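Letter by letter, the chains look like this.
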Amino acid sequence: EPEVTQTPSHQVTQMGQEVILRCVPISNHLYFYWYRQILGQKVEFLVSFYNNEISEKSEIFDDQFSVERPDGSNFTLKIRSTKLEDSAMYFCASSEGTGPYEQYFGPGTRLTVT
Amino acid sequence: DQQVKQNSPSLSVQEGRISILNCDYTNSMFDYFLWYKKYPAEGPTFLISISSIKDKNEDGRFTVFLNKSAKHLSLHIVPSQPGDSAVYFCAAKSGNTPLVFGKGTRLSVIA
(Lines give C-alpha, C1' and ligand atoms only; values in the text may rest on other atoms or scores of the structure.)
Protein backbone atom coordinates (compact mmCIF):
# COMPACT_ATOMS: atom_id res chain seq x y z
CA GLU A 1 0.00 0.00 0.00
CA PRO A 2 1.41 3.41 -0.94
CA GLU A 3 2.47 5.58 1.96
CA VAL A 4 3.95 8.96 2.76
CA THR A 5 7.54 8.76 3.94
CA GLN A 6 9.55 11.32 5.89
CA THR A 7 13.23 11.77 6.69
CA PRO A 8 14.89 12.08 9.07
CA SER A 9 12.83 10.53 11.84
CA HIS A 10 14.60 12.69 14.42
CA GLN A 11 16.58 15.87 13.93
CA VAL A 12 18.45 17.69 16.66
CA THR A 13 19.68 21.17 15.88
CA GLN A 14 20.97 24.23 17.66
CA MET A 15 18.95 27.40 17.90
CA GLY A 16 19.56 29.63 14.89
CA GLN A 17 20.48 26.80 12.56
CA GLU A 18 18.65 25.95 9.37
CA VAL A 19 16.90 22.61 9.02
CA ILE A 20 15.30 20.89 6.06
CA LEU A 21 12.68 18.23 6.64
CA ARG A 22 11.98 15.91 3.74
CA CYS A 23 8.86 14.10 2.61
CA VAL A 24 7.95 11.82 -0.26
CA PRO A 25 4.17 12.05 -0.79
CA ILE A 26 2.08 9.29 -2.33
CA SER A 27 2.92 9.28 -6.02
CA ASN A 28 -0.46 10.07 -7.60
CA HIS A 29 -1.38 12.71 -5.04
CA LEU A 30 -1.51 16.34 -6.08
CA TYR A 31 -1.92 18.19 -2.79
CA PHE A 32 0.74 18.32 -0.13
CA TYR A 33 0.66 19.59 3.42
CA TRP A 34 2.81 20.18 6.47
CA TYR A 35 1.40 20.00 9.99
CA ARG A 36 3.10 20.10 13.33
CA GLN A 37 2.30 18.88 16.81
CA ILE A 38 4.01 20.43 19.81
CA LEU A 39 4.22 17.95 22.68
CA GLY A 40 0.89 17.68 24.45
CA GLN A 41 -0.93 19.92 22.00
CA LYS A 42 -3.12 19.38 18.97
CA VAL A 43 -1.99 18.81 15.42
CA GLU A 44 -1.80 22.22 13.70
CA PHE A 45 -1.84 23.07 10.03
CA LEU A 46 1.19 24.89 8.65
CA VAL A 47 0.91 25.03 4.87
CA SER A 48 -0.66 23.43 1.82
CA PHE A 49 0.95 23.19 -1.60
CA TYR A 50 -0.51 22.53 -5.02
CA ASN A 51 0.74 22.97 -8.55
CA ASN A 52 4.15 24.11 -7.34
CA GLU A 53 2.89 26.90 -5.17
CA ILE A 54 1.54 27.52 -1.70
CA SER A 55 -2.25 27.39 -1.72
CA GLU A 56 -2.79 28.24 1.93
CA LYS A 57 -0.70 28.90 5.02
CA SER A 58 -1.38 29.46 8.70
CA GLU A 59 -0.17 32.23 10.98
CA ILE A 60 2.51 29.86 12.23
CA PHE A 61 4.05 29.69 8.76
CA ASP A 62 6.01 32.95 8.91
CA ASP A 63 9.02 34.12 6.90
CA GLN A 64 11.27 31.61 8.66
CA PHE A 65 9.46 28.77 6.91
CA SER A 66 9.51 27.79 3.27
CA VAL A 67 8.40 24.79 1.24
CA GLU A 68 9.64 23.41 -2.02
CA ARG A 69 9.08 20.54 -4.39
CA PRO A 70 12.59 20.34 -5.83
CA ASP A 71 11.85 17.36 -8.06
CA GLY A 72 8.95 15.08 -8.99
CA SER A 73 8.91 13.19 -5.73
CA ASN A 74 10.26 15.19 -2.77
CA PHE A 75 8.45 17.86 -0.78
CA THR A 76 10.54 19.79 1.73
CA LEU A 77 9.97 22.12 4.66
CA LYS A 78 12.80 24.48 5.51
CA ILE A 79 13.10 26.41 8.74
CA ARG A 80 15.66 29.13 8.17
CA SER A 81 16.69 30.00 11.71
CA THR A 82 15.27 27.61 14.26
CA LYS A 83 13.91 28.73 17.61
CA LEU A 84 13.37 26.69 20.76
CA GLU A 85 9.62 26.85 20.19
CA ASP A 86 9.99 25.13 16.81
CA SER A 87 10.61 21.87 18.68
CA ALA A 88 7.74 19.61 17.65
CA MET A 89 6.72 16.64 15.53
CA TYR A 90 6.37 17.70 11.92
CA PHE A 91 4.02 15.69 9.77
CA CYS A 92 3.80 15.72 6.01
CA ALA A 93 0.52 14.71 4.39
CA SER A 94 -0.79 14.32 0.87
CA SER A 95 -4.15 13.88 -0.81
CA GLU A 96 -5.51 13.13 -4.29
CA GLY A 97 -7.65 16.21 -4.29
CA THR A 98 -8.98 18.92 -2.10
CA GLY A 99 -12.49 19.07 -0.63
CA PRO A 100 -13.81 15.67 0.53
CA TYR A 101 -10.56 13.78 0.14
CA GLU A 102 -8.65 12.05 2.90
CA GLN A 103 -5.21 13.29 3.76
CA TYR A 104 -2.63 10.60 4.38
CA PHE A 105 0.10 11.36 6.87
CA GLY A 106 3.72 10.36 7.09
CA PRO A 107 5.33 9.04 10.28
CA GLY A 108 6.67 12.45 11.23
CA THR A 109 10.02 14.04 11.99
CA ARG A 110 10.75 14.89 15.59
CA LEU A 111 12.61 18.21 15.59
CA THR A 112 14.47 19.12 18.76
CA VAL A 113 15.97 22.60 18.96
CA THR A 114 18.50 23.07 21.74
CA ASP B 1 -10.39 29.14 19.46
CA GLN B 2 -11.28 25.46 19.60
CA GLN B 3 -13.36 24.76 16.54
CA VAL B 4 -13.10 21.02 17.08
CA LYS B 5 -13.38 19.71 20.62
CA GLN B 6 -12.77 16.28 22.05
CA ASN B 7 -13.77 16.72 25.65
CA SER B 8 -12.67 13.32 26.91
CA PRO B 9 -8.88 13.10 27.07
CA SER B 10 -9.04 9.38 27.79
CA LEU B 11 -11.36 6.38 27.66
CA SER B 12 -10.97 2.81 28.94
CA VAL B 13 -13.03 -0.03 27.51
CA GLN B 14 -12.98 -3.77 27.98
CA GLU B 15 -12.06 -5.94 25.05
CA GLY B 16 -15.13 -6.99 23.10
CA ARG B 17 -17.24 -4.06 24.25
CA ILE B 18 -18.16 -0.93 22.31
CA SER B 19 -15.90 2.13 22.33
CA ILE B 20 -17.62 5.46 21.70
CA LEU B 21 -15.45 8.47 21.03
CA ASN B 22 -17.10 11.87 20.83
CA CYS B 23 -16.32 15.08 19.02
CA ASP B 24 -18.07 18.46 18.96
CA TYR B 25 -17.52 21.29 16.54
CA THR B 26 -18.49 24.93 16.45
CA ASN B 27 -18.02 25.90 12.80
CA SER B 28 -21.26 25.24 10.93
CA MET B 29 -19.38 25.55 7.62
CA PHE B 30 -17.54 22.27 8.20
CA ASP B 31 -18.73 19.77 5.61
CA TYR B 32 -16.30 16.89 5.89
CA PHE B 33 -15.24 15.06 9.01
CA LEU B 34 -12.50 12.52 9.53
CA TRP B 35 -11.21 10.27 12.28
CA TYR B 36 -7.54 9.47 12.59
CA LYS B 37 -5.80 7.00 14.86
CA LYS B 38 -2.31 7.65 16.16
CA TYR B 39 0.17 5.36 17.83
CA PRO B 40 3.17 6.84 19.70
CA ALA B 41 6.01 7.90 17.40
CA GLU B 42 3.86 7.43 14.30
CA GLY B 43 1.84 9.75 12.11
CA PRO B 44 -1.96 9.92 12.19
CA THR B 45 -3.54 7.05 10.26
CA PHE B 46 -6.79 7.74 8.44
CA LEU B 47 -9.66 5.60 9.75
CA ILE B 48 -13.00 6.77 8.43
CA SER B 49 -14.69 9.90 7.17
CA ILE B 50 -18.16 11.29 6.67
CA SER B 51 -19.57 14.03 4.50
CA SER B 52 -22.11 16.46 5.92
CA ILE B 53 -24.75 15.12 3.53
CA LYS B 54 -24.74 11.83 5.43
CA ASP B 55 -25.49 10.96 9.03
CA LYS B 56 -23.75 7.60 9.18
CA ASN B 57 -20.81 5.86 7.56
CA GLU B 58 -19.69 2.35 8.36
CA ASP B 59 -16.48 0.48 7.62
CA GLY B 60 -16.07 -2.87 9.29
CA ARG B 61 -15.88 -2.41 13.05
CA PHE B 62 -15.87 1.38 12.72
CA THR B 63 -18.98 3.54 12.37
CA VAL B 64 -19.10 7.31 12.40
CA PHE B 65 -22.33 9.13 13.22
CA LEU B 66 -22.93 12.79 12.43
CA ASN B 67 -25.58 14.94 14.09
CA LYS B 68 -25.44 18.25 12.26
CA SER B 69 -28.06 19.98 14.36
CA ALA B 70 -26.06 19.23 17.50
CA LYS B 71 -22.72 19.78 15.74
CA HIS B 72 -21.61 16.45 17.12
CA LEU B 73 -20.02 13.35 15.72
CA SER B 74 -19.02 10.10 17.27
CA LEU B 75 -16.89 7.12 16.37
CA HIS B 76 -18.10 3.69 17.42
CA ILE B 77 -15.72 0.76 17.50
CA VAL B 78 -17.32 -2.62 18.03
CA PRO B 79 -16.06 -5.00 19.15
CA SER B 80 -13.07 -3.20 20.66
CA GLN B 81 -9.72 -4.97 20.45
CA PRO B 82 -6.47 -4.39 22.36
CA GLY B 83 -4.84 -3.25 19.09
CA ASP B 84 -7.31 -0.37 18.98
CA SER B 85 -5.51 1.24 21.92
CA ALA B 86 -4.22 4.54 20.54
CA VAL B 87 -5.02 8.24 20.45
CA TYR B 88 -8.00 9.08 18.23
CA PHE B 89 -8.25 12.47 16.58
CA CYS B 90 -11.34 14.02 15.14
CA ALA B 91 -10.71 16.46 12.27
CA ALA B 92 -12.95 18.65 10.17
CA LYS B 93 -12.74 20.83 7.08
CA SER B 94 -14.86 23.14 5.01
CA GLY B 95 -14.45 22.91 1.24
CA ASN B 96 -10.78 23.39 0.41
CA THR B 97 -9.72 24.60 3.86
CA PRO B 98 -7.08 22.71 5.85
CA LEU B 99 -7.94 20.09 8.41
CA VAL B 100 -8.73 21.35 11.90
CA PHE B 101 -7.95 18.77 14.56
CA GLY B 102 -9.29 18.12 18.02
CA LYS B 103 -6.88 17.44 20.89
CA GLY B 104 -7.45 13.71 20.76
CA THR B 105 -8.82 10.99 23.03
CA ARG B 106 -6.58 8.23 24.31
CA LEU B 107 -8.40 4.91 24.07
CA SER B 108 -7.23 1.99 26.18
CA VAL B 109 -8.78 -1.38 25.43
CA ILE B 110 -8.25 -3.73 28.33
CA ALA B 111 -7.97 -7.46 27.67
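Here, the structure is the one placed above.
Rules of the game
Residues numbered from 1 in each chain as written. Chains lettered and ligands numbered in written order. Predicted model: local features only at pLDDT ≥ 70, side-chain atom pairs only at ≥ 80, totals over all residues. Heavy atoms only, no water. Helix = DSSP H or I, 4+ residues; strand = E, 2+ residues; numbered from the N terminus. Rg over C-alpha atoms; globule rule 2.2 N^0.38 Å. Buried < 20%, exposed > 50% of the residue type's maximum accessible area, 1.4 Å probe, protein only. Contact = heavy atoms within 4.5 Å. Areas by Shrake-Rupley, 256 points an atom, 1.4 Å probe, with all protein chains shown as cover. Lys, Arg positive; Asp, Glu negative; His and termini not counted. Charge placed at Lys NZ, Arg CZ, Asp CG, Glu CD. Buried area = accessible area lost by both parts, 1.4 Å probe. Salt bridge = Lys/Arg side-chain N within 4 Å of Asp/Glu carboxyl O. Polar contact = N/O pair within 3.5 Å; in protein donor to acceptor, adjacent residues only side chain to side chain. Pairing = 2+ DSSP bridges. Disulfide = S-S within 2.5 Å. Core = buried A, V, L, I, M, F, W, Y, C linked by side-chain atoms within 4.5 Å. Patch = residues over 30% accessible without salt bridge, like charges linked within 9 Å, V, L, I, M, F, W, Y side chains within 5 Å.

## Re the overall build of chain B
Of regular secondary structure, chain B possesses 0 helices and 11 strands. The linear arrangement of helices and strands in chain B, starting from the amino end, is β-β-β-β-β-β-β-β-β-β-β. Since a compact globule built from 111 residues should have a radius of gyration of about 13 Å, the 13 Å found for chain B is in line with a globular shape. For chain B, the proportion of its 111 residues judged to be buried stands at 46%. Counted over contacts in chain B with a minimum sequence separation of 6, partners at least 24 positions apart contribute 52%. When the accessible area of chain B is evaluated, it comes to approximately 5300 Å², of which 48% is carbon and sulfur surface. For chain B, the distance from the average site of its 12 positive side-chain charges to the average site of its 9 negative ones is 3 Å.

## With respect to the interface of chain A and chain B
If you look at the interface, chain A gives 17 residues, while chain B gives 22 residues. Taken together, the two surfaces of chain A and chain B that pack against each other cover about 1600 Å², and 62% of this comes from carbon and sulfur. Where chain A touches chain B, the interface holds 0 salt bridges. Connecting chain A to chain B are 9 residue pairs in polar contact (both at pLDDT 80 or more). Looking at the side of chain A that touches chain B, the elements that each hand over two or more residues are β4 (31-37), β5 (43-50) and β10 (104-105) of chain A.

## Some thoughts on the sheet that holds strand β6 (residues 56-59) of chain B
Residues and elements named next belong to chain B. Here 5 strands make up an open sheet; going across it, the order is β1-β3-β8-β7-β6 and the pairing antiparallel. Two strands bound the open sheet, and with one partner strand each, they are β1 (4-5) and β6. As defined by bridge partners, β6 adjoins strand β7 (residues 62-67) across 4 bridges and the pair is classed as antiparallel. Bridge pairing in β7 links Glu 58 to Thr 63.

## A word on the state of the cysteines
Residues and elements named next belong to chain A. Applying the stated criterion across every chain yields a total of 2 disulfides over all chains. One disulfide in the model links Cys 23 with Cys 92; its S-S distance is 1.9 Å. Looking down the S-S bond of the Cys 23 and Cys 92 bridge, the torsion is -60 degrees, so its handedness is left-handed. With Cys 23 in strand β3 (residues 19-24) and Cys 92 in strand β9 (residues 88-95), this residue pair connects regions lying 69 residues apart in the sequence. Relative accessible area serves as the criterion here: at 0%, Cys 92 is assigned to the buried category.

## Overview of the nonpolar core
Counting residues in hydrophobic clusters, the biggest one holds 23 residues, and the most contacted among them are B:Phe33, B:Trp35, B:Leu73, B:Leu75 and B:Tyr88. Of all elements in the fold, only β3 (19-25), β4 (32-38), β5 (45-51), β7, β8 (72-77), β9 (86-93) and β11 (105-110) of chain B reach the threshold of two or more residues within this core. Residue contributions to this core peak at 4 residues, all from β9(B). Counting 22 residues, the second largest nonpolar core, distinct from the first, contains A:Leu21, A:Val47, A:Phe65 and A:Val113.

## Notes on the pattern of salt bridges
Side-chain pairs of opposite charge can arise where the charged atoms are in close proximity. For the structure shown, the criterion picks out 3 salt bridges over all chains. Here A:Glu44 and A:Arg36 are joined by a salt bridge, their closest N and O atoms 3.5 Å apart. Residue B:Asp84 pairs with B:Arg61 through a salt bridge whose shortest N-O separation is 2.8 Å. Placement of the pair is B:Asp84 in the loop between β8 and β9 and B:Arg61 in the loop between β6 and β7, with a sequence separation of 23 residues. Since its relative accessible area comes to 21%, B:Arg61 is described here as partly exposed.

## Here we look at a nonpolar patch on the surface
Residues and elements named next belong to chain B. A grouping of Ile 18, Ile 20 and Val 78 is seen on the molecular surface, where their side chains present a nonpolar patch of about 230 Å² in accessible area. Residue placement: Ile 18 occurs in the loop between β2 (10-14) and β3. A relative accessible area of 41% means that Ile 18 is categorised as partly exposed.

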